[in-house]
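Next come the chains, spelled out residue by residue.
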Amino acid sequence: MNSAGTLKSSSSELDLDRPNIEDYLPSGSTIQQEPHGKLRLHDLLDISPTLSEAAGAIVDDSFTRCFKSNPPEPWNWNIYLFPLWCFGVLVRYLILFPSRVLVLTIGWIIFLSSFIPVHFLLKGNDKLRRSIERSLVEMMCSFFVASWTGVVKYHGPRPSRRPKQVFVANHTSMIDFIVLEQMTAFAVIMQKHPGWVGLLQSTILESVGCIWFNRSEAKDREIVARKLREHVQGADNNPLLIFPEGTCVNNHYTVMFKKGAFELGCTVCPVAIKYNKIFVDAFWNSRKQSFTMHLLQLMTSWAVVCDVWYLEPQNLKPGETAIEFAERVRDIISHRAGLKKVPWDGYLKYSRPSPKHRERKQQNFAESVLRRLEEK
């Protein structure tokens, strides 16, 4: 597929998700003729596609919608349901939450009392040490899932350790890693986090071969790319897991996949994750909520319900580019999980538009205004 075809596909996706501005104008404003000399809103929007895009973004921004958590519909709105809701709050906070904290505490005690001796006493026997540490990490992740009363249904064959393969999945929250890790000890590529999560990353999770990076460091990309190539060649390494969206999306959409996972020259195994929001929204909005508060939200809900599909492995087709390969895999995951594709780069959430992009938009706007004035 050539670049023109790719651009056309992206434009069609944008058009499908872009609202019709005229639908939001006052009735008859686009049909009735205004007196000569008066400027209509339709004329203003007709001056330039830039204005139309801006107005469309104000009315309905498809990029921002990818990172919004939708509040649950209130159901305690009458005198019959409100007492039941109050009773449910008491059960969740006074019975379920303390019992879940107890379960998680017991899990940490068992894990640390086993992991620390194994990590330091079996340094001479790396193969046995890695095998035990892998099992302990899977066990600890199972305790985490139990602390949310996780109801996880896995579909498809369980992943196995093989060289030259990588698993890619859509990304909703950091708990995606925990949900997948309790079944198979993956080595994951993840943003370096501060606090207690960063401590776990630099100690426990490094034992299963996880790779960390800092999104703001440009040179980290080269280091991570080299580590990825080295990891996928090892037959004894844990399966590699990558979230190619690069950021958490609200489980209604999928944003563009980064091509790094698709340039390794190995088999790509898609994994689709879909959360049921009947009890709680599992989406983690890291800009508004710390991961600790996110865990507390899950632990005070009734349950976390989700489905995980291990899909058919995919390989690069002859003449296919890495970007086209990434889009094909995104199609497979989106279709299986019932997610809507949007042509946005998730990293735009963390960065401002480049000066070149702004200048190009300004130049296009100026040219369209001059053409309009010449027509008049």
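The rules behind the values
Residues numbered from 1 in each chain as written. Predicted model: local features only at pLDDT ≥ 70, side-chain atom pairs only at ≥ 80, totals over all residues. Heavy atoms only, no water. Patch = residues over 30% accessible without salt bridge, like charges linked within 9 Å, V, L, I, M, F, W, Y side chains within 5 Å. Areas by Shrake-Rupley, 256 points an atom, 1.4 Å probe, with all protein chains shown as cover. Salt bridge = Lys/Arg side-chain N within 4 Å of Asp/Glu carboxyl O. Helix = DSSP H or I, 4+ residues; strand = E, 2+ residues; numbered from the N terminus. Buried < 20%, exposed > 50% of the residue type's maximum accessible area, 1.4 Å probe, protein only. pLDDT = per-residue confidence, 0-100. Contact = heavy atoms within 4.5 Å.

Participant: Now, about a nonpolar patch on the surface: what can you tell me, with residues and values included?
Facilitator: A grouping of Trp75, Trp77, Phe82, Leu84 and Trp85 is seen on the molecular surface, where their side chains present a nonpolar patch of about 600 Å² in accessible area. Looking at the element boundaries, Phe82 is found in helix 5 (residues 81–121). A relative accessible area of 40% places Phe82 in the partly exposed class.

Participant: Mind laying out the confidence of the model for the chain, listing which residues take part and the relevant values?
Facilitator: Summarising the model, the chain shows a mean pLDDT of 80, and 78% of its residues fall at 70 or more. Averaged pLDDT values for the elements of the chain fall to 45 in helix 1 (residues 3–17) and rise to 95 in strand 8 (residues 304–310). Every residue in residues 1–18 scores below 50 in pLDDT, and together they form 15 contacts with partners more than four places removed in sequence or on other chains. Between residues 29–34, whose pLDDT stays under 50, and residues either more than four places distant or in other chains, the model counts seven contacts.

Participant: Got a sec to walk through the pattern of salt bridges? Specific residues and values, please.
Facilitator: Here the structure, examined in full by the defined rule, presents 10 salt bridges. Across the pair Lys341 and Glu327 runs a salt bridge whose closest N-O atoms are separated by 3.4 Å. Remark: Glu327 occurs in helix 11 (residues 322–337) and Lys341 occurs in strand 9 (residues 340–341); sequence separation between them is 14 residues. In the salt-bridge network here, residues are joined through shared partners; they are Glu327, Arg330, Asp331 and Lys341.

Participant: So what's going on with unusual backbone geometry? Which residues, and what values?
Facilitator: You will see that Thr149, though not glycine, has its phi angle at about 50°, which is positive. Looking at the element boundaries, Thr149 is found in the loop between helix 6 (126–147) and strand 1 (150–155). A residue is classified by how much of its surface remains accessible, and Thr149, at 35% relative accessible area, is partly exposed. In this model, Asn251 sits at a positive phi of 70°, which is unusual for a non-glycine residue. Relative to the elements of secondary structure, Asn251 occurs in the loop between strand 5 (240–242) and strand 6 (253–254).

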